[in-house]
Amino acid sequence: MKHCRYCAEEIQDAAVICRFCNRSQVVAPPERESSGPAWVAGLIIAGGIAMSVFAYVNQTSGSRGKAGVTELLPPMAPPPALVSIVDTSAVEIRAGHAEYFDFKLSDPRTCTLEGRIVGLAGGRRDVDVMVLDDDGFTNWRNGSQGRAYFSETRTSAVSLHVVLPSPGSYHLVVSNRFSVFTRKAVQIRNAQVTCS
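Reading guide: rules and limits
Residues numbered from 1 in each chain as written. Predicted model: local features only at pLDDT ≥ 70, side-chain atom pairs only at ≥ 80, totals over all residues. Heavy atoms only, no water. Core = buried A, V, L, I, M, F, W, Y, C linked by side-chain atoms within 4.5 Å. Buried < 20%, exposed > 50% of the residue type's maximum accessible area, 1.4 Å probe, protein only. Helix = DSSP H or I, 4+ residues; strand = E, 2+ residues; numbered from the N terminus. Contact = heavy atoms within 4.5 Å. Pairing = 2+ DSSP bridges. Axes fitted to C-alpha atoms, helices over the stretch in contact; angles between N-to-C directions. Salt bridge = Lys/Arg side-chain N within 4 Å of Asp/Glu carboxyl O. Disulfide = S-S within 2.5 Å.

**Student:** I tried to follow the nonpolar core on my own but got confused; where do I start?
**Tutor:** Nonpolar side chains in soluble globular proteins generally cluster together in the buried interior. Membership of the largest hydrophobic core comes to 27 residues, with the highest contact counts inside it found for Phe103, Leu113, Ile117, Leu164, Leu172 and Ile188. If you tally residues by element for this core, the top one is strand β10 (residues 184–195), at five residues. Beyond its immediate stretch of four places on either side in the chain, Ile117 contacts Val129, Ser156, Ala157, Val158, Leu160, Leu172, Val174, Val186, Gln187 and Ile188. Among the nonpolar cores identified, the runner-up in size contains six residues, and Met130, Leu132, Phe137 and Val173 belong to it.

**Student:** Explain the sheet that holds strand β8 (residues 157–164) here, please?
**Tutor:** By definition, the strands of a sheet pair up through backbone hydrogen bonds, in either a parallel or an antiparallel sense. Spatially, the four strands line up as an open sheet ordered β3-β10-β5-β8, and their pairing is antiparallel. Sheet topology places β3 (81–93) and β8 at the edges, where each strand pairs with a single neighbour. Direction aside, the axes of adjacent strands within the sheet are offset by 10° on average. Strand direction decides the pairing type here: strand β5 (residues 111–121) and β8, joined by eight bridges, are antiparallel. Pairing of Leu113 across the sheet is with Val162, part of β8.

**Student:** What should I look at first to understand the pattern of salt bridges in this one?
**Tutor:** As a working rule, side chains carrying opposite charge can pair if their charged atoms are close by. Using the criterion set out here, one finds four salt bridges in the structure. Note that Asp87 is salt-bridged to Arg189, the shortest N-O span being 3.4 Å. With Asp87 in strand β3 and Arg189 in strand β10, this pair connects stretches of sequence that are 102 residues apart. A relative accessible area of 32% means that Arg189 is categorised as partly exposed. Arg183 is paired through a salt bridge with Glu92; the nearest N and O atoms lie 2.4 Å apart. Of this pair, Arg183 sits in the loop between β9 (168–175) and β10 while Glu92 sits in strand β3, and the two are 91 residues apart along the sequence. Classification of Arg183 by relative accessible area gives partly exposed; the value is 46%.

**Student:** Is there a simple way to explain the sheet that holds strand β4 (residues 98–105) in this structure?
**Tutor:** A sheet is described by the order of its strands in space; here four strands give the open sequence β4-β9-β6-β7, paired in antiparallel fashion. Each edge of the open sheet carries a strand with a single partner, namely β4 and β7 (148–155). When the angles between neighbouring strand axes are averaged without regard to direction, this sheet yields 10°. Pairing between β4 and β9: eight bridges, direction antiparallel. Note that in β9 the partner of Ala98 across the bridge is Ser175.

**Student:** In this structure, what is going on with the state of the cysteines? I would like to understand it.
**Tutor:** Two cysteines form a disulfide when their sulfur atoms are joined by a covalent bond. Considering all chains together, one arrives at one disulfide under this definition. For Cys111, the disulfide goes to Cys195, at an S-S distance of 2.0 Å. In this structure the cystine formed by Cys111 and Cys195 twists about its S-S bond by roughly 110°; its chirality is therefore right-handed. In this pair, Cys111 sits in strand β5 while Cys195 sits in strand β10, placing the two residues 84 residues apart along the sequence. Since its relative accessible area comes to 0%, Cys111 is described here as buried. Between Cys4, a cysteine without a disulfide, and Cys21, which holds the nearest cysteine sulfur, the sulfur-to-sulfur distance is 3.6 Å.

**Student:** What is the right way to read unusual backbone geometry from this model?
**Tutor:** Excluding glycine, residues mostly carry a negative phi; peptide bonds, for their part, are mostly trans. Its identity is not glycine, yet Asn22 carries a phi of approximately 60°, on the positive side. Locating Asn22 in the fold gives a position in the loop between β2 (10–11) and α1 (38–64). Accessibility expressed as a relative area gives 60% for Asn22, which makes it exposed. The phi angle at Asn190 is positive, at roughly 50°, despite the residue not being glycine. Mapped onto the secondary structure, Asn190 falls in strand β10.

As structure tokens, then:
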């Protein structure tokens, strides 16, 4: 036997309705708690629909020539590329010879060679400094005139700031070919290319 939930009269255990007050004894499952008012759920659904429509319009706007959101934001530029060529406290160059440093650039952006070359010893401490591409280097080695992106003759100190078209192969040449007897020593500091 059990008691009615409403009138407290004693009724059968299997009774579904109380015979005294005629009320149902079936316990309804508890209502789920809502996460918020109904308008919040509607707002979330409406926002999802709006975002889907916006994404579709943005995705198809390129074919019609209209500006989409991706066109409004500037593209992220890749970080500058750095190519180190040479950094040494002293290079000895025999009379009638040259030292050269080869480097390749594959970055399509504007590239700039910078650095400093200073004569340390030998005669007037002067050298020829050139920056050449492959054709210019071949011409120079054969004793012909070739195109140089940079050329400074018989200098004892020079700062490099050379803009190079990229991509390509290049050569930094420090020459003592004009000297018949005198060895030279030079310092080459932070010769490097930055592409940005």
